[in-house]
Amino acid sequence: MRTTVGIIGAGPAGLLLARLLHNAGIDSVVLESRDRAYVEHRQRAGILEQGTIDVLRAAGAGERMDREGLEHDGIELRFDRRRHRVDFPALTGGRSVMVYAQTEVCKDLIALQLKEGGPLLFEAEALAVEGAETDRPSIRFRHEGREDVLECDYVVGCDGFWGVARKAIPASLSQVFERTYPFGWLGILADVPPSHDELIYARHDRGFALLSMRSPSVSRLYLQVSADTDAGTWSDEQIWDELERRLETDDDWTLRRGPITQKSVTPMRSYVHEPMRHGRLFLAGDAAHIVPPTGAKGLNLAVGDVVTFARALVHQKETGSAELLDAYSANCLRRVWQAERFSYDMTTMLHRDPDATPFDLRLQLARLDRISSCRAAETDLALGYTGFPLD
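Residues numbered from 1 in each chain as written. Predicted model: local features only at pLDDT ≥ 70, side-chain atom pairs only at ≥ 80, totals over all residues. Heavy atoms only, no water.

(A) Region of interest: the packing of aromatic side chains. Inspection of the entire model under this criterion finds 16 aromatic pairs. Each ring, one from Phe 161 and one from Tyr 271, has its centre 5.0 Å from the other, and the planes form 85°; the classification is edge-to-face. Separated by 110 residues along the polypeptide, Phe 161 in the loop between strand 12 (154–157) and strand 13 (175–190) and Tyr 271 in strand 17 (residues 260–274) bring together distant segments of the chain. Among the residues examined, Phe 161 registers a relative accessible area of 17% and is labelled buried. On the basis of an interplanar angle of 75° and a centroid distance of 6.5 Å, the ring pair of Phe 342 and Tyr 385 is categorised as edge-to-face. Placement of Phe 342 in helix 10 (residues 328–350) and of Tyr 385 in helix 12 (residues 375–386) is noted, with a sequence separation of 43 residues between them. The buried category is assigned to Tyr 385, whose relative accessible area is 1%. In textbook terms, an aromatic cluster arises when at least three aromatic residues are bridged by ring pairs, as seen for Phe 88, Trp 185, Tyr 201, Phe 208, Tyr 222, Phe 342, Tyr 385 and Phe 388. Above the plane of the ring of Tyr 385 lies Lys 297, whose end atom (NZ or CZ) is 5.6 Å from the centre. (Phe/Tyr/Trp six-rings, centres within 6.5 Å; stacked < 30°, edge-to-face > 60°. Helix = DSSP H or I, 4+ residues; strand = E, 2+ residues; numbered from the N terminus. Buried < 20%, exposed > 50% of the residue type's maximum accessible area, 1.4 Å probe, protein only. Lys NZ or Arg CZ within 6 Å of the ring centre and 35° of its normal.)

Right, here's the structure in full:
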């Protein structure tokens, strides 16, 4: 097989890249190790930044998102039983976010790819990226019981942290920056309408809590727990009771309870691999970086990566210049590190570290009080949350 761009991974990054390249008249092949049902049902991020929303619309993948997604103009911060709403449009010149699950983004992009785009091979396991330093890199993969080779001009690894793409970069050229947090999130899906029409981020002495949603009838909620927690050890009643404690306020707000349909624990870590390019191999999304979910940045960072690559390849096609391709890693990493900073700030401001001193806890409250009383601090949060520029 032969193509211009070989894409490993049919998550939102790989699928969106294939769509962007198709719209630019550049052929590609997408290899995905899982089957279609798995890709369309794995639960992941649900917050789309303004830039991601705009890219999906421009790519022709925004119709169902605009019809079924929930546009949010702010978030609520809770601390000391107080409530403070951050108004995104008022602070950012009109920017907002959209609650629209990654599963739905993938469904939309898969449908478009199968209808209009190039080959999308499910259950095609990438085994290795070879010849990244040459002008004819290739992907060795297994599909339908036999090994094959996809020859490319470029390879883009959108295959996540455990994929093969990053392994093709020599260890002597790699730098890794990471931090593991001593807590995780116990997340639930519940068949109950959300108790608030916007996301609530709560800092509490017992630990962090987040009220989110998947739809007008399905709630998504999280509790900070120890990193080694087994979700099965928490009963439904214990989860609701703890959420109620951590989301408590001095007014008459109440938490709606309902049947819990899913429980899982998400670890919290920050990770960046540099560089994000080696020869004609380019990394995107979790293959290159991971952020704690507090800042809602993971999916959006992946979108930024593939937009940067697609623009660079189109630029080369139109001008003959590889300048933007050569700058891919540096350009992406500037945005990545800003997202890492924002996610770290949100995480450390809202979670209770098990080793925190009384001084540390007072600083958390001081940071939240600053945001709620200073427009400049509040604006910085709003700008970070709605998304860093894709340019």
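(B) Examining the sheet that holds strand 18 (residues 277–278) more closely. Strand order in the open sheet formed by six strands is 8-2-1-12-19-18, and the pairing between neighbours is mixed. For this open sheet the edge positions go to strand 8 (120–121) and strand 18, each flanked by a neighbour on one side alone. The sheet contact formed by strand 1 (residues 5–8) and strand 2 (residues 28–31) spans four bridges and is parallel. Bridge pairing links Ile 8 to Leu 31 in strand 2. Sheet contacts for helix 8 (residues 298–319): strand 1, strand 12 and strand 19 (281–283); angle to strand 12, the most-contacted strand, approximately 170°. (Pairing = 2+ DSSP bridges. Contact = heavy atoms within 4.5 Å. Axes fitted to C-alpha atoms, helices over the stretch in contact; angles between N-to-C directions.)

(C) Looking closely at the environment of Trp 162. Checked against the element boundaries, Trp 162 lands in the loop between strand 12 and strand 13. Each C-alpha atom, one on Trp 162 and one on Asp 286, is 8.8 Å from the other, the two residues being 124 residues apart in sequence.

(D) Just the state of the cysteines, in detail. In total, this model carries zero disulfides according to the counting rule given. No disulfide involves Cys 332; its nearest neighbouring cysteine sulfur is the one of Cys 158, lying 11 Å away. A residue is classified by how much of its surface remains accessible, and Cys 332, at 2% relative accessible area, is buried. (Disulfide = S-S within 2.5 Å.)

(E) Geometry of the nonpolar core. By size, the foremost hydrophobic cluster in this structure holds 126 residues, and its most contacted members are Tyr 201, Leu 243, Phe 309 and Tyr 385. Of the residues forming this core, the biggest block, ten residues, is contributed by helix 8. There are two domains that each give this core at least three residues, and those are domain 1 (5–71 + 98–178 + 269–349) and domain 2 (180–268 + 352–386). If sequence neighbours within four positions are ignored, Tyr 385 has contacts with Ile 47, Glu 49, Ile 75, Phe 88, Val 97, Leu 199, Tyr 201, Gly 295, Ala 296, Lys 297 and Phe 342. (Core = buried A, V, L, I, M, F, W, Y, C linked by side-chain atoms within 4.5 Å. Domains from an automatic or database assignment.)

Limitation: the analysis is restricted to geometry and does not speak to function.
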